[in-house]
Amino acid sequence: QVQVVESGGGLVQAGGSLRLSCVVSGSTFSRNAVGWYRQTPGKQRELVAGISTGNRTYYTDAVKGRFTISRDNAKNTVYLEMNSLRPEDTSVYYCKDGSSPLDYWGQGTQVTVSS
């Protein structure tokens, strides 16, 4: 079955950068769209960025121009480059492979942005 392992989170000052990574196993990664989501306590999980099999990308308005999603099919890995981070970006970030069950989520990686 599909498994994901997210990494790269941490504590950073406002204006700083982080690069998140997600390694996907158990799926035909190159044939699936992949997305990065985030969830803060008391709020619904939201889609932050997505990338298709043809490398078409989607970004929620709040991160456009600051975040970049990319994928390396040879490594079954999806990345999220986050620049100009803001305190409101503080959240747990999750990746999701398009072939995984709806209720499956990895452990996520915590991103904390201090003001």
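For clarity, every value in this text was computed on a predicted model and none was experimentally measured.

Chemist: Is there a simple way to think about the overall build of the chain in this case?
Modeler: Counting its regular elements, the chain contains zero helices and ten strands. Ordered by position from N to C terminus, the α and β elements of the chain give β-β-β-β-β-β-β-β-β-β. Taking the principal axes of the C-alpha coordinates as reference, the chain spans close to 40 × 25 × 20 Å. Taken across its 115 residues, the chain has 42% of its residues classed as buried. Of the roughly 6100 Å² that the chain leaves accessible, carbon and sulfur atoms contribute 47%. Here the chain contributes 12 positively and 9 negatively charged side chains, and the mean placements of these two sets differ by 3 Å.

Chemist: I tried to follow the sheet that holds strand β3 (residues 18-25) on my own but got confused; where do I start?
Modeler: Adjacent strands of a sheet form backbone hydrogen bonds with each other and so pair up, either parallel or antiparallel. Strands sit in the order β1-β3-β8-β7 across an open sheet of four strands; the sheet is antiparallel. A strand with exactly one partner marks an edge of an open sheet, and here the two such strands are β1 (3-7) and β7 (67-72). Neighbouring strand axes in the sheet, compared pairwise and without regard to direction, differ in orientation by 15 degrees on average. Examined bridge by bridge, β3 and strand β8 (residues 77-82) share six bridges and lie antiparallel to one another. Bridge pairing links S21 to Y79 in β8.

Chemist: Is there a simple way to explain the sheet that holds strand β10 (residues 109-114) in this structure?
Modeler: In spatial order, the strands read β2-β10-β9-β4-β5-β6; together these six strands make up an open sheet with mixed pairing. Edge strands, defined here as strands with exactly one partner in the open sheet, are β2 (10-13) and β6 (57-59). Taken over all neighbouring pairs, the strand axes of this sheet differ in orientation by 25 degrees on average, direction set aside. As paired strands, strand β4 (residues 34-39) and strand β9 (residues 91-97) are joined by six bridges and run antiparallel to one another. Counted as the bridge partner of G35 is K96 from β9.

Thresholds, definitions, all that
- Residues numbered from 1 in each chain as written.
- Predicted model: local features only at pLDDT ≥ 70, side-chain atom pairs only at ≥ 80, totals over all residues.
- Heavy atoms only, no water.
- Helix = DSSP H or I, 4+ residues; strand = E, 2+ residues; numbered from the N terminus.
- Buried < 20%, exposed > 50% of the residue type's maximum accessible area, 1.4 Å probe, protein only.
- Areas by Shrake-Rupley, 256 points an atom, 1.4 Å probe, with all protein chains shown as cover.
- Lys, Arg positive; Asp, Glu negative; His and termini not counted.
- Charge placed at Lys NZ, Arg CZ, Asp CG, Glu CD.
- Pairing = 2+ DSSP bridges.
- Axes fitted to C-alpha atoms, helices over the stretch in contact; angles between N-to-C directions.

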